[in-house]
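Chain by chain, the residues:
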Amino acid sequence: MKKNLIFAYSFIGQIGLTTAIPLVFFGLLGRSLDRKYFPEHHYLFFGGLVLATAIIYFAIKQLVVKMLKQFESINKQ
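Residues numbered from 1 in each chain as written. Predicted model: local features only at pLDDT ≥ 70, side-chain atom pairs only at ≥ 80, totals over all residues. Heavy atoms only, no water.

Caption draft 1: Structural context of the environment of Ile6. Of note, Ile6 is situated in helix H1 (residues 2–37). With 46 residues separating them along the chain, Ile6 and Ala52 place their C-alpha atoms 28 Å apart. (Helix = DSSP H or I, 4+ residues; strand = E, 2+ residues; numbered from the N terminus.)

And the structure:
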């Protein structure tokens, strides 16, 4: 029971980091480039968020597959 709880908290933390890091990085990058090249518009900011969303999708997909394999191995023990 304790291993499953630790596993769940680990999974939640990894999903949080996998989501937050690309959103913050590409959001800030797009914002700073918009200020420099397109001061009246937010093209690169929204483009960065779309790119971050695509990266997050594939990263979480890989993470879930990896975690499912770990979860099965924990439950077999």
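Caption draft 2: Inspection of the packing of H1 against helix H2 (residues 43–76) at higher detail. In contact at an axis separation of 8 Å, H1 and H2 are set at 165° when each is read in the N-to-C sense. Here H2 runs roughly antiparallel to H1, going by the angle between their axes. Crossing geometry of H1 relative to H2 is assigned as right-handed. Of the residues assigned to the contact of H1 with H2, the class counts are 22 nonpolar, 10 polar and three charged. (Axes fitted to C-alpha atoms, helices over the stretch in contact; angles between N-to-C directions. Parallel < 35°, antiparallel > 145°, perpendicular 65-115°, else oblique. Left-handed = near helix turned anticlockwise from the far one by under 90°. Nonpolar A, V, L, I, M, F, W, Y, C, P; charged D, E, K, R; others polar.)

Caption draft 3: Spotlight on the side chain of Asp34. Take Asp34: it is sitting in helix H1. Reaching out from Asp34, the side chain makes a polar contact with the backbone nitrogen of Leu44 at a distance of 3.0 Å. The residues contacting Asp34, other than those within four sequence positions of it, are Pro39, His41, His42, Tyr43, Leu44 and Phe45. (Polar contact = N/O pair within 3.5 Å; in protein donor to acceptor, adjacent residues only side chain to side chain. Contact = heavy atoms within 4.5 Å.)

Caption draft 4: Summary view of the packing of aromatic side chains. Scanning the entire structure with this criterion turns up five aromatic pairs. On the basis of an interplanar angle of 35° and a centroid distance of 5.6 Å, the ring pair of Phe7 and Phe71 is categorised as tilted. Highlighted residues: Phe7 in helix H1 and Phe71 in helix H2, separated in sequence by 64 residues. (Phe/Tyr/Trp six-rings, centres within 6.5 Å; stacked < 30°, edge-to-face > 60°.)

Caption draft 5: Spotlight on the side chain of Thr18. Checked against the element boundaries, Thr18 lands in helix H1. Relative accessible area serves as the criterion here: at 19%, Thr18 is assigned to the buried category. A distance of 2.6 Å separates a polar atom in the side chain of Thr18 from the backbone oxygen of Gln14. Beyond its immediate sequence surroundings of up to four residues, Thr18 is in contact with Ile56, Ala59, Ile60 and Leu63. (Buried < 20%, exposed > 50% of the residue type's maximum accessible area, 1.4 Å probe, protein only.)

Caption draft 6: Seen up close, a nonpolar patch on the surface. On the surface, a nonpolar cluster with roughly 670 Å² of combined accessible area is contributed by Phe25, Leu29, Leu33, Tyr37, Phe38, Tyr43 and Leu44. Those elements that provide at least two residues to the nonpolar patch are H1 and H2. Ranked by residues supplied to the nonpolar patch, first place goes to H1 with four residues. With respect to the helices and strands, Tyr43 occurs in helix H2. (Patch = residues over 30% accessible without salt bridge, like charges linked within 9 Å, V, L, I, M, F, W, Y side chains within 5 Å. Areas by Shrake-Rupley, 256 points an atom, 1.4 Å probe, with all protein chains shown as cover. Salt bridge = Lys/Arg side-chain N within 4 Å of Asp/Glu carboxyl O.)

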